[in-house]
Structures are given as structure tokens and as C-alpha cells.
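Remarks on the overall topology
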Amino acid sequence: MDYEAFFTSHLGRLRDEGRYRVFAELERIVGAFPRARFHREGLPPREVTVWCSNDYLAMGQHPAVVEAMQAAIGAQGSGAGGTRNISGTNTLHNALERELAQLHRKQAALVFTSGYVANETTLQTLGAMLPGCELYSDAFNHASMIAGIRHSGAVRKIFRHNDVRHLEELLAAADPATPKIVAFESVYSMDGDISPINEICEVAHRYRALTYLDEVHAVGMYGDRGGGVAERDGALDKVDIVQATLAKAFGVVGGYIASTAATVDFVRSCGSGFIFTTSLPPAIAAAALASVRLVSSQPELRVRHQERAATLKRRLAAAGLPVMPSVTHIVPVFVGDAALCKQASDLLMDRHAIYVQPINYPTVPRGTERLRLTPTPLHGDTEIAHLVEALQDVWQTLGLARASKAAAE
Ligand SMILES: *Cc1c(COP(=O)(O)O)cnc(C)c1O
């Protein structure tokens, strides 16, 4: 086999379809969020405004978070020193897990190296070890959940996105005695819609299934203490296992689950992706802990965040731009074509010093390519006005569809 030719021709196909991924090289600037320096070969660095960061609350550069990380590095050094089992369990990991358990009102929590690993490991472990387990998965679930479900080897049943009735049909048709897990998300990150957590949990429990909820795009941002949409909707105790990340609203890195003591202990004891990897550096745990404490104690941050998102949606709609319906802080703008989506992103950068990456297949279905805007509490009115003006120019230049047409599709 000519391996090089195989790789090259596959990449060529990605390019032809306009979905070859080009990473923008950024240098973040503490104190200037959402500004960053954009680097490109052969050109001097250029300051741009970032409109697509998942550092949703700008906690990644918050002085208290940065200081906590610096202090822990000074005190304990860079790495953790091993897997959790081999000298890698730190006082800071345990403190962080206690804090996260409290945030979700659960008995225990378990930290992983990322949210992806938390999903993959937990679902794979449960699906493989619960005898005859069936996994019920929302059609729009994240790749990390799909990976865990696939690797578990369990029977997989997909219910239509947020369709409680379809879920119930599938559950009703199954053997009542088999173990079941219903896996879904609270905020879906590409459309910005929210699942009916209470209804899904009620149906799942009626058929004796466990509920597994990914709150990656909600934790820190919804609920009085930032405990996610489950907290906002009074559903914390209906979610058997909650999973989330320390990398998005908390601005650091790492993932976790929270559940009963026995569930968490089971995954801790049997989850390969937890056991056989070096634990997060103590400084990461310190920064995450500082961030979780700060974010959960500051509801005004969540109020400001939602206000910014509402203002941006209003301004985009007023300008006739095809902002897609979203009930969250995620603001998708419809393009509907992979190549045009990439061009729109390039034009925003080249002409307007605005960075928004194109969202193409397979992240979203073909024909629904979009720009996905994520306003934070630190995006001011000036930045919003600049963005709306820039988008109007790009829409004009590329002849992209305006609001009414996109809404009809
Ligand atoms: C980003 C994401 C993850 C993975 O979290 P990381 O901490 O970035 O690995 C899991 N689920 C969803 C829905 C995500 O968007």
C-alpha cells in the first residue's frame, strides 16, 4: 500500500469539499479578552477579536484562576507524578472532586483528563459491564458519548433529537429486566437548544433506566449556582450521572462525572481511561477549583452572559442576518454551504479582524453549515456593533441568504 498517497488523496477530498480544517494560530492576551494575536506564516501578528471561544465566561484569564495556578506550580511543580493509583492523587484533586460533587448535589465526583475522556470512559465502562446493557442515545449526542457507547459493545438505540415520545417507544419495546442507560445533553452546542431534562428523566425512570446527562455547555452558566440546566430546572436529583468539563465555562481543562458514591467508585475502579493515564497536574486542579468556586458564587456573571447573548441575537435579527433559533448563549448564524462558510470566516478575519471559525460537516449536517458565535460577559457593545457590521459586509460580498430565506429552510 502507498500510505502517503492514501493520506494525501483523502486530504485532497476534504479540501475539495471545503471542509479541510485550518487552525487559526492565536496568542491569547491576559487582560485584553476577547482580543488575541493572530499569527500567520510570513505576516506580522495581528490583533483580532475572538467570537467563537468556548471560554464562555472568560475565566481562563481571570486573575484569581491564574493566581491559583501560578501558586500551585510554585508550591508543587508542573506534573502530577503518576496515574491516580501510582502517586498521582493530590490533595487538590480530592478537594476539586468534593467541590464538584457539591455543585451537582451528588455524593461523589471523579475527575478525568478531559470531558471527552469522562464521557468515553464512563459510558464504555457502564455499557460493557452492566450485563446486557442497552444504551439509549440522543441523535445529536457529542462524538465523545458516541465513542464510549460504541466501544462498550452494548446495544445502541438512537432516539430522535429531544423526542421524549420516541425515547418512550424504544424503551417500551425493550425487555423490562435489561439494564438501560439514557444518555443525552442539556445544552446542544451547535444549535443552542435545550433538552427537556425532567421529561426525559421521568420516562427513563419509568422504564428503570439510568439517566446520564452531559452538561458540558451548561455548567457554570445555568442554575443559581451554575450547577447546569438540571439545577435551573429542579432536576438535579433526577439525573443519575452528570458529566461536564472544566475547560469551557470554567476556563481550564479536565472533565468529570458526579453521581452516587457507588457509581463513582465503580467507574474509578473499572474505567480504563481513568485508571491508566497520568492525572491532571495539581496546578490545573487548583485553577479549576478556584474557578468553580468563583463562578458558582457569582450569579451576576450568568445574568450578564445571558444579557450579552440576548443583545447579540436582537442586533443580528434587526440587521436581517439569519440568526438561528437558540434559547441559550450559543448564537448560530446560518450559511448552508461548506465552501461559503469557510469564505465567510476568512473574510471576517481578513477584512474585519474578527475570528469566527466555520462549522461544517461532520460537526453539523451537510446543508446546515454555519458560523457559531459565543458572546461572553466581556464582549462589549462596541464589539457587538463591529461584528454586526462586519457580518453585513460579508453577507453582501458573498451574496449569502438573509433572515427570511434561511428561516424557511
Ligand atoms: C467539548 C465537549 C465535550 C468534551 O469536553 P472536553 O473537556 O473539551 O474534552 C463533551 N461533550 C460535549 C457536548 C462537548 O461539546
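Since this is a predicted model, take the numbers as computed values, not measurements. (Residues numbered from 1 in each chain as written. Predicted model: local features only at pLDDT ≥ 70, side-chain atom pairs only at ≥ 80, totals over all residues. Heavy atoms only, no water.)

Per the domain assignment, the segments making up the chain are domain 1 (24-53 + 299-408) and domain 2 (62-297). The C-alpha centroid of domain 2 is placed 28 Å from the C-alpha centroid of domain 1. Listed as interface residues are 18 residues of domain 1 and, on the opposing side, 19 residues of domain 2. Across the domain 1 to domain 2 interface the summed buried area is about 1400 Å²; carbon plus sulfur atoms make up 55%. Counting every contact that joins domain 1 to domain 2 gives 1 salt bridge. One salt bridge connects Arg-370 with Asp-191, and the closest N-O pair in it is separated by 2.6 Å. Seen at the junction of domain 1 and domain 2, the total is 13 residue pairs in polar contact (both at pLDDT 80 or more). (Domains from an automatic or database assignment. Contact = heavy atoms within 4.5 Å. Buried area = accessible area lost by both parts, 1.4 Å probe. Salt bridge = Lys/Arg side-chain N within 4 Å of Asp/Glu carboxyl O. Polar contact = N/O pair within 3.5 Å; in protein donor to acceptor, adjacent residues only side chain to side chain.)

On to the packing of helix H6 (residues 164-172) against helix H7 (residues 197-206). It is at 10 Å that the axes of H6 and H7 come closest, and there the two elements cross at 10°. The orientation of H6 relative to H7 falls into the category roughly parallel. Residue-level contacts link Val-164, Leu-167, Glu-168 and Leu-171 of H6 to Glu-199, Ile-200, Val-203, Ala-204 and Arg-206 of H7. For the contact of H6 with H7, the per-class residue count stands at 6 nonpolar, no polar and 3 charged. (Axes fitted to C-alpha atoms, helices over the stretch in contact; angles between N-to-C directions. Helix = DSSP H or I, 4+ residues; strand = E, 2+ residues; numbered from the N terminus. Parallel < 35°, antiparallel > 145°, perpendicular 65-115°, else oblique. Nonpolar A, V, L, I, M, F, W, Y, C, P; charged D, E, K, R; others polar.)

All right, on to the packing of helix H4 (residues 115-129) against helix H9 (residues 261-270) then. Interaxial distance between H4 and H9 falls to 10 Å at its minimum, and their mutual angle equals 95°. With respect to H9, the element H4 is oriented roughly perpendicular. Between H4 and H9, the contacting residues are Thr-122, Thr-125, Leu-126 and Met-129 on the first element and Phe-266, Val-267 and Cys-270 on the second. A breakdown of the residues in the contact of H4 with H9 according to their chemical character gives 5 nonpolar, 2 polar and no charged.

Per the counting criterion, the structure on display carries 19 salt bridges. The closest approach of N and O atoms between Arg-225 and Glu-231, which form a salt bridge, is 2.8 Å. Among the ionic contacts, a cluster of salt bridges with common partners joins Arg-304, Glu-307, Arg-308 and Asp-381.

On inspection of all chains with the given rule, the structure shows 1 cavity of 30 Å³ or more. A volume near 80 Å³ is recorded for the largest cavity. At the level of elements, strand S4 (108-112) and helix H10 (272-275) are the ones that each hand at least two residues to the lining of the largest cavity. (1 Å grid on protein atoms, 1.4 Å probe; cavity = no way out; pocket = protein on both sides within 12 Å on 5 of 7 lines; lining within 4 Å. Points joined across faces, edges and corners; volume = space filled by probe spheres on them.)

As a further point, take the environment of Glu-17. Take Glu-17: it is sitting in the loop between helix H1 (3-16) and strand S1 (25-28). The partly exposed category is assigned to Glu-17, whose relative accessible area is 34%. It is 43 Å that separates the C-alpha atoms of Glu-17 and Pro-63, two residues lying 46 residues apart in sequence. Once residues within four sequence positions are removed from consideration, Glu-17 is found in contact with Ala-338 and Arg-366. At a separation of 3.3 Å, a polar atom in the side chain of Glu-17 contacts the side chain of Arg-366. (Buried < 20%, exposed > 50% of the residue type's maximum accessible area, 1.4 Å probe, protein only.)

Take the site of the ligand next. The environment of the ligand is formed by 13 residues, the closest being Gly-115, Asp-214, His-217, Thr-245 and Lys-248. Gly-115 is positioned with one of its backbone polar atoms (N or O) 2.8 Å from an oxygen atom of the ligand. The contact in question runs from a nitrogen atom of the ligand to an N or O atom on the side chain of Asp-214, over 2.7 Å. Burial of the ligand by the protein amounts to 85% of the accessible area it has alone, namely 370 Å². Tallying contributions element by element places H4 first for the shell around the ligand, with 3 residues. Classifying every residue of the shell around the ligand gives 2 nonpolar, 8 polar and 3 charged. (Near = heavy atom within 4 Å. Areas by Shrake-Rupley, 256 points an atom, 1.4 Å probe, with all protein chains shown as cover.)

Moving on: the side chain of Asn-162. Relative to the helices and strands, Asn-162 resides in the loop between strand S6 (155-159) and H6. At 3.5 Å, the side chain of Asn-162 forms a polar contact with the backbone oxygen of Ile-194. The contacts of Asn-162, once residues within four sequence positions are left out, are Asp-138, Tyr-188, Asp-193, Ile-194, Ser-195 and Pro-196.

For the chain, mean pLDDT is 96; residues scoring 70 or higher make up 99% of the total. The low-confidence segment residues 405-409 (pLDDT under 50) makes 3 contacts with residues lying over four places distant or belonging to another chain. (pLDDT = per-residue confidence, 0-100.)

This next bit is on the pairing of strand S2 (residues 35-40). Strand direction decides the pairing type here: S1 and S2, joined by 4 bridges, are antiparallel. The residue of S2 that forms the bridge with Glu-27 is Arg-37. In this structure, the hairpin formed by S1 and S2 is closed by a connection of 6 residues, where Gly-31 is found at a positive phi of approximately 90°. Taken together, the 5 bridges between S2 and strand S3 (residues 43-50) define a ladder with antiparallel strand orientation. Among the inter-strand pairings, Ala-36 is bridged to a residue of S3, identified as Val-48. Hairpin geometry of S2 and S3 is characterised by an intervening segment of 2 residues between the two adjacent antiparallel strands and by a positive phi of about 80° at Gly-42. (Pairing = 2+ DSSP bridges.)

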